[in-house]
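Structure at a glance
Now for the letters of each chain:
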Amino acid sequence: MSDIPLDETAPSTGVRGRSLWEDARRRLMRNPAAVASLYVVAILVLVAAFGPMLWVHSVDEIFRDSVGIAPTSTNMHWLGTDTEGRDMVARLIFGLGISLLVGFVATAVAITIGVTYGAIAGFVGGWADEGMMRFVDVLYAVPFVFFVIVLMTVIDTPDPWVKLMWIFAAIGAVEWLTMARIVRGQTISLRQKEFVEAARAAGAQPLQIVFRHIVPNVLGPVVVFATLNIPVIILAESFLSFIGLGVQEPLTSLGRLISDGSRQMIQAPWMLIAPATTMLITLLALNFLGDGLRDALDPKER
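As the structure is a prediction and not an experimental result, all values here were calculated from the model.

1. Topic: the packing of aromatic side chains
- This structure, assessed with the given rule, holds two aromatic pairs.
- Ring centres of W55 and W78 lie 4.9 Å apart, and the angle between their planes is 75 degrees; this geometry places the pair in the edge-to-face category. Placement of W55 in the loop between α2 (32-54) and α3 (88-124) and of W78 in the loop between α2 and α3 is noted, with a sequence separation of 23 residues between them.
- With centroids separated by 5.0 Å and ring planes inclined at 65 degrees, the aromatic side chains of Y117 and W176 adopt a geometry described as edge-to-face. Of this pair, Y117 sits in helix α3 while W176 sits in helix α6 (residues 160-190); the two residues are 59 residues apart in sequence, bridging distant segments of the chain.
- Judged by relative accessible area, which is 18%, Y117 ranks as buried.
- The exposure class of W176 is buried, given its relative accessible area of 6%.

Written out as structure tokens, the structure reads:
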């Protein structure tokens, strides 16, 4: 045996392993469409959050001498004004913020309800699982539009912010159904894994196992669902606003602006083009980002 001493200060030649999230980040960064969409979404969120404070006009400021004026290189309204004389840039920024707020908050509501419901159903199993999922099937049979129309008709309040809260609840109360099914399927495949058996042997309570061991391991599908669900909810809110059941004045959203612009499509086409283009960019960016996350978090791609 050699007496040559080992140099303990020599650098290690071992290869450091990478986690699933690190692999997902690397794969996401190699997807040009997803990266570009990530930057676009970040810009849209920043504009919606800080734009109303930085823009020179407020959303409800009325210019009597500029009613329905088209955008030109000489006036102070970059996208013109609406038929009330309100600056379209200010309205567009505010509407984008409301639409994104509806998308994010309703998605958060759907994820909270769906993850909790699906994880408990899948972990408990048996007749409780069957009963809980049959309840989901019954709710699936109720048309989304019918449910929201009934709810918006019953909740007749003059306060637009209160009505906006009910829109969050109405959309979130329907969108959680798909999330519950996804999480339930993932939970069924995880509940017999070694780490769950180890938690049982250590004396962990069922709810502790669900929320400390099961739920963290289903975050991949949840993140993908959330990203792809936000544009779906934005479209749903736009549809409700288009038919007059969504956001109410003095608030506005992209759907409300498109609805107002469609009625002035001939006389003032800029009122329709600006919010429709913003809606298109927002939905495309969110969908491309969701597709990129779905590919990045797919374990078969490792």
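2. Describing the side chain of S66
- With respect to the secondary-structure elements, S66 resides in the loop between α2 and α3.
- Other than its neighbours up to four places away in sequence, S66 contacts H77, T81 and G85.

3. Quick word on the nonpolar core
- Core analysis: the largest hydrophobic core is formed by 25 residues, its most contacted members being L96, I234 and M279.
- Contributions of two or more residues to this core are made by α1 (20-29), α2, α3, α9 (219-242), α10 (254-263) and α11 (270-296).
- Per-element accounting of this core gives the leading share, nine residues, to α11.
- With residues near it in sequence (within four places) discarded, I234 still touches S99, L100, G103, M279, T282, L283 and L286.
- I98, V102, I167 and L240 belong to the second largest nonpolar core, which has 18 residues in total.

Rules of the game
- Residues numbered from 1 in each chain as written.
- Predicted model: local features only at pLDDT ≥ 70, side-chain atom pairs only at ≥ 80, totals over all residues.
- Heavy atoms only, no water.
- Phe/Tyr/Trp six-rings, centres within 6.5 Å; stacked < 30°, edge-to-face > 60°.
- Helix = DSSP H or I, 4+ residues; strand = E, 2+ residues; numbered from the N terminus.
- Buried < 20%, exposed > 50% of the residue type's maximum accessible area, 1.4 Å probe, protein only.
- Contact = heavy atoms within 4.5 Å.
- Core = buried A, V, L, I, M, F, W, Y, C linked by side-chain atoms within 4.5 Å.

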